[in-house]
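Working through the structure, step by step
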Amino acid sequence: MIRKKICMLGAFAVGKTSLVRRFVEDSFSDRYVTTIGVKVMKKQLTHADRDVTLMLWDLHGDDAFQTVQSSYLRGSSGLLLVADGTRAETVAVAQRLLERATGEAELDVPFLLLINKADLKADWDLEASALDEQLAGWTVLETSAKTGDGVEQAFEILTDLMMERDAD
Amino acid sequence: MPTDHACRTLLRSVLSDKRHASVQLDNEGCVTLTTGDLAWFGLDGLRLGDRPGDSLELLHELPLPAIERRLVLPRMELVHGRSTDVHCVGSEEGPLLLFLDATGEAHRELHFQQRGNQLALALRSWGIEVFEERGGEIVGFGTGSPWMRALVGSVGGLSVAAGALGTGAADEEDGRRPFEALVAASPFLENFLVDARRLWASGGRERLVRSGEWTEVDELGREWPLEASAARVDDGRHLLMIRSVPDDHLRQLEILQAARSRDLELAGLHREVDRKEVLLHCIVHDLLAPLGSIVGGLSLARGGKLPQDKADAVLEQGLAQARRQETLIRGMLDAFSAELSALEAFETDPKSAPRLGEVLHAALNDHRLAYQARGVELLLDESALPGLEDLAVVADGARLLRVFANLLENALRHSPRGGRVLVTVAPTEHLAADCEPAEAIAVTIDDQGPGVPAEDVEGLFTRFSTGRNSGAAGLGLHFCRRVLETWGGDICYVDREEAGARFRIALALA
């Protein structure tokens, strides 16, 4: 059994817990409940005929009140950075968290940026062109934990990237 | 450590709401005192003076009386189908005390408790003391520790545990060291142990490292917020403490959550205000634009110096602009007034539902002059659906007229002079609602304008969308979608190979 640790990183209320819940339990709640510290959930899947267990570390949102400890990132095989399409500033938080992961925590692992809340796209205040310029070289996906759009795909892509990294 | 006898403390603070019984023994294991509900445990035959084996089979295998430790972790027994903890406690007062408690839990619960007990006993053999705490006072020991139950998949309440790490032999039961078995149950704890071991191995000033909060979920789906700390103490012991996150800290987090929720609401309000400012600008722009033509036309006509035909043309143009303004105002009212209740009302009864042909012809007639003035041809193709006049559709007549008006005005606005707008009516299989294909009608409106840029298509029907109508309020198409979806129909934009835009609406037959 292959075990891969994935950390969910992002500002508060961007939907990290909802994405994990959608992926693991295929459920969604509109009620915002802040994550206390860390919650680890598991999801088993098959990748190229091999059983893989994804250990999903749902980390609390990073802001002035709570800072993500670098030690939580130890042993990660991949990162999912999450931003909220209706709050452009959450992209900068995701960028900052990636810098911390690659700097302080010395991680060199595959990552994706998920722009969540695609179901509220009419309310997005992100400009796609500005995002392209700001995040050159990043893989950016749109997701909606509410509808499930793009969620499974995001985890699958990251799993592919992690397994490819292993093969190298 | 408690100053009172552990069993009395347990009786008082832990088991007051449980069935319990206690049996006091002397150093030979002879029963000297009994209290509590012995009959409930099937022990009503127990007599003072009984020895192990006389009347209480449970006494057979208990490690009596060679107990040197003050506290002995409980054994778990299934007595008459009930979960029963058997605690054996060495008392400073002399006699040993055998203590029984039971909750009547189901067998499944017993299984989990048993696992917890085994784990606690294994830890004990490693020199790891496990205590349970409530309100800052240690009230019990071992197996009831809910953090441990959460880790092994059971249930529990508030607790703290502390352990001095040993280096003994492997746990025989699962071939792993018991502490490793414990942390393997929790990936978070496993990760934290790296920091803990680093601290224990270091000779630095640092004596304590905290894990931060994490949450374990038990098999019943309940969440347990926990925090671990690792400490290095003067006597060389290495301590690992796990505790439930205190209630006051949980309250702090609730306050933090409330603050964040307010932040989100505030940001949402700011966005709404910004959007409304833009909208207000668009509305003013839209209302002002036709006013220029109206004022200009009236000024020209006022002097009476224009030839009659030119005066008529000017007045006609002014009138058209005034009507456009009226349409805009109506659209805004539709979008902003108590729209929901108004939009909910529609007809589904074939006898009273609006006739598609009547409404469509009325809309076409209303716009024919405006089309002529702009030199745009307006055509209707109903060949695929004869008998249009009698066809009843699920809708509200007045609102359906507004839908057609919006689409026809939209098509005219983007049509080049000399262009053509074609309205086609046909049966369709395309309908969002769960209707049979034969029960749906599609009306398409094709123009020969520039079409809708690909990047604007997705938001075309959202409120304030201004992609195709730069400078307009972007309410007309939003209104169309709202009412059509209310009626079980829908509206979409269709890409065409040839130039121009195509809007298609679908209506259910009444």
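Just so we're clear, the structure is a prediction, and the values are computed from it rather than from any experiment.

Brief notes about the interface of chain B and chain A
Counting residues at the interface gives 28 residues for chain B, matched by 29 residues for chain A. Across the chain B to chain A interface the summed buried area is about 2,400 Å²; carbon plus sulfur atoms make up 53%. Residue Arg-74 of chain A is joined to Asp-195 of chain B by a salt bridge in which the shortest nitrogen-to-oxygen separation is 2.4 Å. There are 7 residue pairs in polar contact (both at pLDDT 80 or more) connecting chain B and chain A. If you list the elements that add at least two residues to the side of chain B that touches chain A, you get α5 (187-201), β9 (208-217), β10 (223-232) and α6 (247-302) of chain B. With 10 residues, α6 of chain B is the single largest residue contributor to the side of chain B that touches chain A. In the side of chain B that touches chain A, the residues fall into 10 nonpolar, 7 polar and 11 charged.

Observations concerning the nonpolar core
In terms of nonpolar packing, the biggest core is built from 65 residues, with Leu-59 and Leu-113 of chain A touching the most fellow members. In terms of residue count, the dominant contributor to this core is α5 of chain B (7 residues). Not counting residues up to four positions away in its chain, the partners in contact with Leu-113 of chain A are Leu-81, Val-82, Ala-83, Val-91, Ala-94, Leu-135, Trp-138, Thr-139, Val-140 and Leu-141 of chain A. If you look at the next biggest cluster of nonpolar residues, it comprises 43 residues, including Phe-479, Leu-484, Trp-487 and Ile-491 of chain B.

Here we look at the pattern of salt bridges
Two side chains that carry opposite charge are able to pair once their charged atoms sit near each other. Per the stated rule, a full pass over the model turns up 14 salt bridges over all chains. Arg-502 of chain B serves as the salt-bridge partner of Asp-446 of chain B, at 2.7 Å between the closest nitrogen and oxygen. Taken as a pair, Asp-446 of chain B in strand β14 (residues 440-446) and Arg-502 of chain B in strand β16 (residues 502-508) lie far apart in primary sequence, 56 residues in all. Among the ionic contacts, a cluster of salt bridges with common partners joins Asp-84, Arg-87, Glu-89 and Lys-117 of chain A.

Comments concerning a negative patch on the surface
A contiguous patch of negative charge, built from Glu-152, Glu-156, Asp-160, Glu-164 and Asp-168 of chain A, is present on the exposed surface. Inspection of the secondary structure puts Asp-160 of chain A in helix α4 (residues 151-167).

Description of the packing of helix α10 (residues 397-414) of chain B against helix α12 (residues 476-486) of chain B
Residue and element names in this part refer to chain B. At a closest axis distance of 10 Å, the pairing of α10 and α12 adopts a crossing angle of 145°. Where α10 crosses over α12, the two elements pack in a sense that is left-handed. Residues Arg-399, Arg-402, Val-403, Asn-406, Leu-407 and Asn-410 of α10 pack against Gly-476, Leu-477, Phe-479, Cys-480, Val-483 and Leu-484 of α12. A class-by-class count of the residues in the contact of α10 with α12 yields 7 nonpolar, 3 polar and 2 charged.

Parameters and conventions
- Residues numbered from 1 in each chain as written.
- Chains lettered and ligands numbered in written order.
- Predicted model: local features only at pLDDT ≥ 70, side-chain atom pairs only at ≥ 80, totals over all residues.
- Heavy atoms only, no water.
- Contact = heavy atoms within 4.5 Å.
- Buried area = accessible area lost by both parts, 1.4 Å probe.
- Salt bridge = Lys/Arg side-chain N within 4 Å of Asp/Glu carboxyl O.
- Polar contact = N/O pair within 3.5 Å; in protein donor to acceptor, adjacent residues only side chain to side chain.
- Helix = DSSP H or I, 4+ residues; strand = E, 2+ residues; numbered from the N terminus.
- Nonpolar A, V, L, I, M, F, W, Y, C, P; charged D, E, K, R; others polar.
- Core = buried A, V, L, I, M, F, W, Y, C linked by side-chain atoms within 4.5 Å.
- Buried < 20%, exposed > 50% of the residue type's maximum accessible area, 1.4 Å probe, protein only.
- Patch = residues over 30% accessible without salt bridge, like charges linked within 9 Å, V, L, I, M, F, W, Y side chains within 5 Å.
- Areas by Shrake-Rupley, 256 points an atom, 1.4 Å probe, with all protein chains shown as cover.
- Lys, Arg positive; Asp, Glu negative; His and termini not counted.
- Charge placed at Lys NZ, Arg CZ, Asp CG, Glu CD.
- Axes fitted to C-alpha atoms, helices over the stretch in contact; angles between N-to-C directions.
- Left-handed = near helix turned anticlockwise from the far one by under 90°.

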